[in-house]
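Residue strings, one per chain:
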Amino acid sequence: KNQPVKKTEPEKEINEKTGASVSSAKEKIKAIDSFVQAVDYRLRCKAAIDILMAKLKMINAELSDQKKRTVISQTTSRIKSAESIYVKLIKKELTPDFETARKNLKDLIGIRVVCPFEDELYQVAELLEMQKDIRVIQIKDYIKNPKKNGYKSLHMIVEVPIYSAEGEQKELVEIQLRTMAMDYWSVLEYELYYKKRDDAEIEAELKKYAEEIAKLDSRMLKLRNKIEKM
Ligand code: GTP
Ligand code: MG
């Protein structure tokens, strides 16, 4: 019963799958990192993040003003680390280098939007889609179709134009929209378990909690509607 927990450090993960040496994995991560840390790349990522954050700020101001309460409770952003890039490329059985990542990974730049209520996630998404200068490439609705483990969120991949001396270049950004309740579950599940994934009992328990949280989420929404009609 007490199986050894699967190792999650990238070097060890790779060792199991490819037999590559630890030092070679470290070298490849280092090579990817030199691109990830390049000033030019980071500036472009930051520009894409700034553009979307400005749009989200406007959307939040507009919706919050309409509803007389805060509609977006939190936004965060990140640029995917070299280590995460490496692990993901190996998982997808792709060559672990930066060029391959740029071509194949759509979440090198990520933004997370947390709202109190589920219906407002769709309103925010819709207002984002309406913006003329950003193009929605893909939507994955894990709220209507939760993952088998119980994970819920609305994922959008959008394309943002970045203007520099070199002209216009497009960047892809993954936007994850979640309710506070979905975020609570996802963050804990990720920290505790995402990288282990090995135990059916724990999986069943996590899934049960995801369902309980979802129930509470929809009750809160109903209560909100009732209160706001008063
Ligand atoms: P990966 O799942 O990252 O390999 O990429 P994908 O192309 O399959 O995209 P997907 O939409 O499934 O997931 C993208 C991101 O959503 C992940 O990097 C996580 O941040 C988040 N995510 C997806 N599934 C889960 C999950 O089961 N639990 C948690 N906590 N987060 C998840
Ligand atoms: Mg996935």
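What counts, and at which threshold
Residues numbered from 1 in each chain as written. Chains lettered and ligands numbered in written order. Predicted model: local features only at pLDDT ≥ 70, side-chain atom pairs only at ≥ 80, totals over all residues. Heavy atoms only, no water. Patch = residues over 30% accessible without salt bridge, like charges linked within 9 Å, V, L, I, M, F, W, Y side chains within 5 Å. Areas by Shrake-Rupley, 256 points an atom, 1.4 Å probe, with all protein chains shown as cover. Salt bridge = Lys/Arg side-chain N within 4 Å of Asp/Glu carboxyl O. Helix = DSSP H or I, 4+ residues; strand = E, 2+ residues; numbered from the N terminus. Buried < 20%, exposed > 50% of the residue type's maximum accessible area, 1.4 Å probe, protein only. Axes fitted to C-alpha atoms, helices over the stretch in contact; angles between N-to-C directions. Parallel < 35°, antiparallel > 145°, perpendicular 65-115°, else oblique. Left-handed = near helix turned anticlockwise from the far one by under 90°. Contact = heavy atoms within 4.5 Å. Nonpolar A, V, L, I, M, F, W, Y, C, P; charged D, E, K, R; others polar.

**Considering a nonpolar patch on the surface**
For step 1, the next point in the chain: Residues L216, M220, L223, I227 and M230 make up a contiguous nonpolar surface patch of about 560 Å² in total accessible area.
For step 2, the next point in the chain: Along the chain, L223 turns up in helix α8 (residues 200-229).
For step 3, the next point in the chain: Taking relative accessible area as the criterion, L223 reaches 40% and is therefore assigned partly exposed.

**Description of the packing of helix α3 (residues 39-67) against helix α6 (residues 118-130)**
For step 1, the next point in the chain: The interhelical angle for the contact between α3 and α6, taken along N-to-C directions, is 130°, at an axis separation of 10 Å. Overall, the two elements α3 and α6 adopt an arrangement that is oblique. Here α3 runs over α6; the crossing is right-handed. On α6, the residues that touch L52, K55, L56, I59, L63 and K67 of α3 are E120, Q123, V124, L127 and L128.
For step 2, the next point in the chain: The residue inventory of the contact of α3 with α6, partitioned by class, reads seven nonpolar, one polar and three charged.

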